[in-house]
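# Structural overview for review
Here is how the chains run, residue by residue.
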Amino acid sequence: MAERQEVVFVDGVRTPFGRAGEKGMYWNTRADDLVVKAMIGLLERNPSVPKDRIDEVAIAATTQSGDQGLTLGRSAAILAGLPQSVPGFAIDRMCAGAMTSVTALAGGIAFGAYDLAIAGGVEHMGHHPMGSGVDPNPRFVAEKLVNAEALNMGNTAEKIHDRFPALTKERADRFALASQQKVAAAYAANKIQPDLVPVAIKTANGWGLATRDEAPRPETTMEGLAGLKTPFRPHGRVTAGNSSGLNDGATVSLLASADAAKELGLAPKMRLVSFAFAGVEPEIMGIGPIPSTEKALKKAGLSIDDIGLFELNEAFAVQVLSLLDHFGIDDEDPRVNMWGGAIAIGHPLASSGVRLMLQLARQFEEHPEVRYGLTAMCVGLGQGGSVIWENPHYAGKGK
């Protein structure tokens, strides 16, 4: 039997993320067109990749109906101009959809089944609001398998505040403010734009071009955050300001075996070290990345101290803070979400996992002193996902 192949992250791109709803920039844009646009951008950026050598396409979406249905990986591959010989499929692990696309195809590459693969995700929350068309089995509540509140993500975030009194609203707001400020600084320094694929959009004023994320609010202040409503319970701590919003957007990445990358002259941006998913109580789903990260570290033979850069999905500020507290990391640690995160940029559910990877890959280029980085996120219904990457630019100093 062939030995395990080394898996590398060659490249990745995304569309700008829009605000969901009729006023959002993608209201008149199809979900599948968003991911197709991203795929075309990825292929154009990597012209030395023979399209007929791509062995698989996996595209995630949480709500797989309408313009997010029809076996997205296959339909997007055809629409993006890949040869009909290239297969594809769809994936759903809610928020960790794109992350699971990457890990599923990485497993295929490691096994030797694939040389090159495209993995990504899309979520058009304007066309497909979270939970639309879903019919949860009545046994969940009748047999007390899951508290009914667990199906509302905001309630699960409030329960993390309940469980860990040290995670105050003031800390959550401060973390959210920092996210907004870091995204604004990253945009000002042109850190984020190189990986964005512009998308033609139709608005009331005619055709335009989406070239940057729509959700960031650089004008955010602590006073403004303190005054926001708590929609999930009276006198709660979770607000629209310290949570990610409802968003539309797509991400895609190109994965390869190290041998195939070398053969085709592709320069890997990251090397996959390990990954893990874990389950937790659905009622406090936000703590999911804690056990998944512990599992991924154990599989890699590493400790949290070996991680030099963190890209953590900011579904809710309190969710990230719970992980930082668990591992003894300061709220303002410069290794964490260096360019901000989903509170400012947005979180189009199934696409977010690859956004974390894009940002980590760019940061690796700038930080040759860092050897290992972590991308991690919480997942609805009580799960966490974590992927550990190695920096190919590592110069042998630091972590």
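Residues numbered from 1 in each chain as written. Predicted model: local features only at pLDDT ≥ 70, side-chain atom pairs only at ≥ 80, totals over all residues. Heavy atoms only, no water.

The name an unreviewed UniProt entry assigns to the protein is acetyl-CoA C-acyltransferase, from the organism Homoserinimonas aerilata.

## Topic: the state of the cysteines
Inclusion rule: A pair of sulfur atoms, both from cysteines and within 2.5 Å, is called a disulfide here.
Scanning the entire structure with this criterion turns up zero disulfides. No disulfide involves Cys95; its sulfur sits 5.9 Å from that of Cys378, the nearest cysteine.

## Here we look at the UniProt feature "domain: Thiolase C-terminal" (unreviewed entry) in the protein
Keep this limit in mind: UniProt positions are given in the numbering used here, feature names are shortened, and annotations may be inferred rather than shown by experiment. Only DSSP runs of H or I reaching four residues or more are called helices, and only runs of E reaching two or more are called strands; each is numbered from the N terminus.
As annotated in UniProt, the feature "domain: Thiolase C-terminal" (unreviewed entry) corresponds to residues 268–390 in the numbering used here. Secondary structure content for residues 268–390 is 33% helix and 26% strand, and the end C-alpha separation is 11 Å.

## What about the nonpolar core?
Rules: Take the buried residues of types Ala, Val, Leu, Ile, Met, Phe, Trp, Tyr and Cys, join any two whose side-chain atoms come within 4.5 Å, and each joined set is a nonpolar core. Summary of the burial criterion: residues with accessible area below 20% of their type's maximum are buried, those above 50% are exposed, and those between are partly exposed, where the area comes from a 1.4 Å probe applied to protein chains only. By definition in these notes, contact holds between two residues if any of their heavy atoms fall within 4.5 Å.
Counting residues in each nonpolar core, the largest one holds 42 residues, and the members touching the most others are Ile307, Phe310, Leu312, Phe316, Leu324 and Ile388. Of all the secondary-structure elements, those providing two or more residues to this core are helix H5 (153–163), helix H6 (169–188), helix H7 (222–226), strand S9 (270–279), helix H9 (289–300), strand S10 (307–312), helix H10 (317–326) and strand S11 (372–379). Per-element accounting of this core gives the leading share, six residues, to H10. The contacts of Ile388, once residues within four sequence positions are left out, are Arg271, Leu272, Val273, Ser274, Ala296, Leu297, Ala300, Leu302, Ile307, Tyr372, Gly373 and Leu374. By size, the runner-up hydrophobic cluster in this structure holds 38 residues, among which are Met25, Val36, Ile54 and Leu116.

## Brief notes about the pattern of salt bridges
Two side chains bearing opposite charge may form a pair once their charged atoms approach each other closely. In plain terms, the rule: A side-chain nitrogen of Lys or Arg and a carboxyl oxygen of Asp or Glu constitute a salt bridge if their distance falls within 4 Å.
Overall, the coordinates contain 22 salt bridges when judged by the stated rule. With a shortest N-O distance of 2.8 Å, Arg362 and Asp195 are connected by a salt bridge. Taken together, the residues Arg362 in helix H12 (residues 352–366) and Asp195 in the loop between H6 and strand S6 (199–203) connect sequence positions 167 residues apart. For the pair Arg362 and Asp195, a shared accessibility class is recorded, and that class is buried. Overlapping salt bridges, with partners in common, bring together Asp11, Arg45, Asp195, Lys269, Arg362 and Glu365 in one network.

## Some remarks on the UniProt feature "active site" (unreviewed entry) in the protein
In plain terms, the rule: For the purposes of these results, a polar contact is taken to be a pair of N or O atoms within 3.5 Å, where, inside protein, one atom must be able to donate a hydrogen and its partner to accept one; residues adjacent in sequence count only when each atom of the pair is a side-chain atom.
The residues that UniProt annotates with the feature "active site" (unreviewed entry) are Cys95, His347 and Cys378. Maximum C-alpha separation among the annotated residues is 11.8 Å over a sequence range of 284 residues, consistent with a single clustered spot. Within the secondary structure layout, His347 lies in the loop between helix H11 (342–345) and H12. Those residues within four positions of His347 in sequence are excluded, and the remaining contacts are Cys95, Met125, Ser244, Gly245, Asn247, Asn313, Ala315, Ala342, Ser352 and Met377. A polar side-chain atom of His347 sits 3.4 Å from a polar atom in the side chain of Asn313. Summarising the element assignment, Cys378 is placed in strand S11.

## What about the packing of H9 against H10?
Worth spelling out the cut-off: Axis lines are fitted to C-alpha atoms, over the contacting stretch for helices. Their N-to-C directions set the angle, which ranges from 0 to 180 degrees. Oblique is the label for every angle not falling under 35 degrees (roughly parallel), over 145 degrees (roughly antiparallel), or within 65 to 115 degrees (roughly perpendicular).
Packing of H9 against H10 brings their axes to within 9 Å, and their N-to-C directions diverge by 45°. In terms of axis orientation, H9 runs oblique to H10. The residues of H10 that touch H9, namely those facing Pro289, Ile290, Thr293 and Glu294, are Gln319, Ser322, Leu323 and His326.

## Considering the packing of aromatic side chains
Applicable threshold: Any two rings among Phe, Tyr and Trp, with Trp reduced to its six-membered ring, count as a pair given centres within 6.5 Å; such a pair is stacked if its planes are under 30 degrees apart, edge-to-face if over 60, and tilted if neither.
A complete count under the given rule lists two aromatic pairs for this structure. Their ring planes at 80° and their centres at 5.7 Å tell us that Phe9 and Trp389 sit as a pair that is edge-to-face. Taken together, the positions of Phe9 in strand S1 (residues 7–14) and Trp389 in strand S12 (residues 383–390) put the pair 380 residues apart, joining distant regions of the chain. For Phe9, a relative accessible area of 0% puts it in the buried group.

## Details of the pairing of S6
Worth spelling out the cut-off: In this analysis, strands are considered paired if DSSP registers two or more bridges between them.
Here S6 pairs with strand S7 (residues 206–210) via five bridges, running antiparallel. By the bridge assignment, Lys202 is partnered in S7 with Trp207. Adjacent in sequence and paired antiparallel, S6 and S7 are bridged by two residues.

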